[in-house]
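# Analysis of the macromolecular model
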Amino acid sequence: MPSSKPLLSNKLFWVGLLYFAEGFPLGVFYEIFPVYFRQQGVELRQIGVLSLLGLAWTLKFLWAPAIDHFRHHRRWMAAADVGMGAVMLYFAVQAGFGPAVWLAIGIFTVLSATNDVAIDGYTIEFLDRRELGLANGVRIGLYRVGMLASGFLLMASDWLSWHGAFVLAAVLFFGLAAACLAAPRERKIVVETARLGEELAALARSPFALAVLAAFAFGVVWLVDGATKWSSRIPGFWGYAAGGAALLTALVALAGRMSPRPARGAGTPGDPLTRGPMFGALMELLARPAILPVLLFILIFKLPDAAMGFMVKPFWVDAGFTAAEIGLVSVNIGLVLSIAGGIAGGWITDRIGIFSALWILGLAQALSNLGYWIAAGIIPLASTTGGAPIPFEHQAILYAASATESFTGGLGTAAFLAFLMAIVQKERAATEYALLSSVFALSRSVAGWVGGLGAQAMGYGNWFLLTVFLAIPAYLLLPWVRQMLRASAERAGPEAPPG
């Protein structure tokens, strides 16, 4: 992309601005709200429960089809930003902590998740395939800058009081809303959709579709239980969940069979199963050749990174490093290096192609775990040294391992996000990308649990070494990944190189 373009016509400028707007609400939720409510004297138990409202980001794929159906992504973004700004103004004038506050935060998270879906869909339509690499590098960086911007609000609360800080946040949200409306117009894409009744009827006539629907409903319950932990408090919870999924499937089947069949040749164009307004994107994805190995690839591509990542901070602690050292090197400097890695990875992806970047940068991402394996083999744990000062050379080894892991993590992420964006259909980008990113998110949840068991049983060094080999299954799936990229490029037309 030429750098000589005027700023407001430069695609990277808009990608950066939009992903700043996507990251900022997340920072408000996870950084501002806990501090604010604790300073207001709210109990820790209640603050902890607030995290349940973050389920909106996990479940956003449920209402993503509405954005694809009604389109006008910029209006969705602007409306969400205005709504979040209104919530900030409410917090600027409200006092106390009660049901209205819970409702306000719930509205805020739903609006933020909706904003995410609209921005992702808009960006995928906005960019050409050859631009995805560098754009994703910018995206990674500005998204995290948006999250970090909430730290300035925390500082502003000391200077301006919380009232002033929330007013400032509202002004920023309103400004972002105006910026979204000023972004380049969406491309005109005609989306052929079946009627809801036709979709339900098609679902009712397909045993495969009904099985997918039941598994989808069960998966949603599993995601919700991951945050609420209902299964540990309600005897027979999973029996009820399975029964509920079966009941939902039966109701869809009944509704579909009660709907009149369209006459031969009548109705909207396209298969109602893959063009339905509710589950059409999901069914279309599952109907693609090689989709199952590709979904497995999405699930496990960053498994080495995720499996080790949850154990890195405990290793720093057990090695005797202070919280300040961990924060400076592993968090702050690590964040800068991951942003730099994302930009570098995006630049490389644009030049060598998405497929080549996946396996080359993915290999660098996995091999970087060897740095922590070396560190764990050299640096003794504090429990064996009696709390003696850590030698400089040991500090240097761990700092180098952290820097390498952060930078290569950014490399792999840029290539991976470009891959996800490349394989979705532009006309249903919001829904398909939300679904695929949800599959990817599952690996982080499972990896954290497995990582704890592995490090406990094997020790840090052996576990860090094992995580390198967790990259092998993803590499075995690369032939199907190449096939999917080629099919997506053919569907996108001549503007898209095969990857």
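Since the model is a prediction, treat every value here as computed from it, not as a measurement.

### Focus on the overall build of the protein chain
- Along the backbone of the protein chain there are 23 helices and zero strands.
- For the protein chain, the C-alpha radius of gyration of 24 Å lies close to 23 Å, the compact-globule estimate for 499 residues.
- If one aligns the C-alpha atoms of the protein chain with their principal axes, the spans along those axes are about 80 × 65 × 55 Å.
- Long-range contacts, defined as pairs at least 24 residues apart, comprise 85% of the intrachain contacts of the protein chain with a sequence gap of at least 6.
- Only carbon and sulfur atoms are counted for the fraction: they give 70% of the accessible area of the protein chain, which is about 22,300 Å².
- Mean positive and mean negative side-chain charge positions of the protein chain (33 and 28 charges, respectively) differ by 7 Å.

### A short note on the packing of aromatic side chains
- Counted according to the given criterion, the structure contains 36 aromatic pairs.
- Aromatic pair Phe237 and Trp238: ring centres 5.0 Å apart, planes at 80 degrees, arrangement edge-to-face.
- By relative accessible area, Trp238 is classed as partly exposed at 31%.
- Taking 6.1 Å as the distance between ring centres and 55 degrees as the angle between the ring planes, the aromatic pair formed by Phe321 and Tyr399 counts as tilted. Taken together, the residues Phe321 in the loop between α14 (303-318) and α15 (323-352) and Tyr399 in helix α19 (residues 392-423) connect sequence positions 78 residues apart.
- Judged by relative accessible area, which is 5%, Phe321 ranks as buried.
- The aromatic ring of Phe126 is capped on one face by Lys11, whose charged end is 5.4 Å from the ring centroid.

### Observations concerning the environment of Trp14
- As for its placement among the helices and strands, Trp14 is situated in helix α1 (residues 11-39).
- Remark: the alpha-carbon pair of Trp14 and Pro184, spanning 170 residues in sequence, is separated by 8.5 Å.

### Some details on a nonpolar patch on the surface
- A cluster of nonpolar residues, Phe152, Met155, Trp159, Leu160 and Leu168, forms a patch on the protein surface that exposes about 590 Å² of accessible area.
- With respect to the helices, strands and loops of the structure, Leu168 is situated in helix α7 (residues 132-182).
- Owing to a relative accessible area of 41%, Leu168 belongs among the partly exposed residues under this scheme.

### A short note on unusual backbone geometry
- Its identity as a non-glycine residue notwithstanding, His72 has a phi of 55 degrees, on the positive side.
- Within the secondary structure, His72 sits in the loop between α4 (64-70) and α5 (73-93).
- For His72, a relative accessible area of 40% gives the class partly exposed.
- Of note in the backbone geometry, Ser161 takes a positive phi value of approximately 75 degrees without being a glycine.
- For Ser161, the location among the structural elements is in helix α7.
- The partly exposed category is assigned to Ser161, whose relative accessible area is 35%.

The rules behind these values
Sequence positions are assigned chain by chain, starting from 1 and proceeding in written order. Local features are withheld for residues below a pLDDT of 70 in this predicted model, meaning they are given only at 70 or higher, and side-chain atom pairs are given and counted only at 80 or more; totals for whole chains, interfaces and linings count all residues. Side-chain figures throughout are based on the complete set of non-hydrogen atoms in the structure, without hydrogens or water. Comment: elements are numbered from the N terminus, with helices defined as DSSP H or I runs of at least four residues and strands as E runs of at least two. Throughout, radius of gyration means the C-alpha value; the globule benchmark is 2.2 Å times the number of residues raised to the power 0.38. We call two residues in contact when some of their heavy atoms are within 4.5 Å. Calculation of accessible area relied on Shrake-Rupley with a 1.4 Å probe; when residues are assessed, cover is drawn exclusively from the protein chains displayed. The convention is simple: Lys and Arg are positive, Asp and Glu are negative, and His and the chain ends are not counted. Working definition for charges: the position is that of NZ of Lys, CZ of Arg, CG of Asp or CD of Glu. Between the rings of Phe, Tyr and Trp (Trp by its six-membered ring), a pair exists once the centres lie within 6.5 Å; its type follows the angle of the planes, with under 30 degrees stacked, over 60 edge-to-face, and the other angles tilted. The buried label goes to any residue with under 20% of its type's maximum accessible area, the exposed label to any with over 50%, and the partly exposed label to all in between, with areas taken from a 1.4 Å probe on protein chains only. Only when the NZ atom of a Lys or the CZ atom of an Arg is both within 6 Å of the ring centre and within 35 degrees of the ring normal do we say a charge sits over the ring. Residues qualify for a patch when their relative accessible area is over 30% and they have no salt bridge, like charges being joined within 9 Å and the nonpolar side chains of Val, Leu, Ile, Met, Phe, Trp and Tyr within 5 Å. Here, a salt bridge means any Lys or Arg side-chain nitrogen found within 4 Å of an Asp or Glu carboxyl oxygen.

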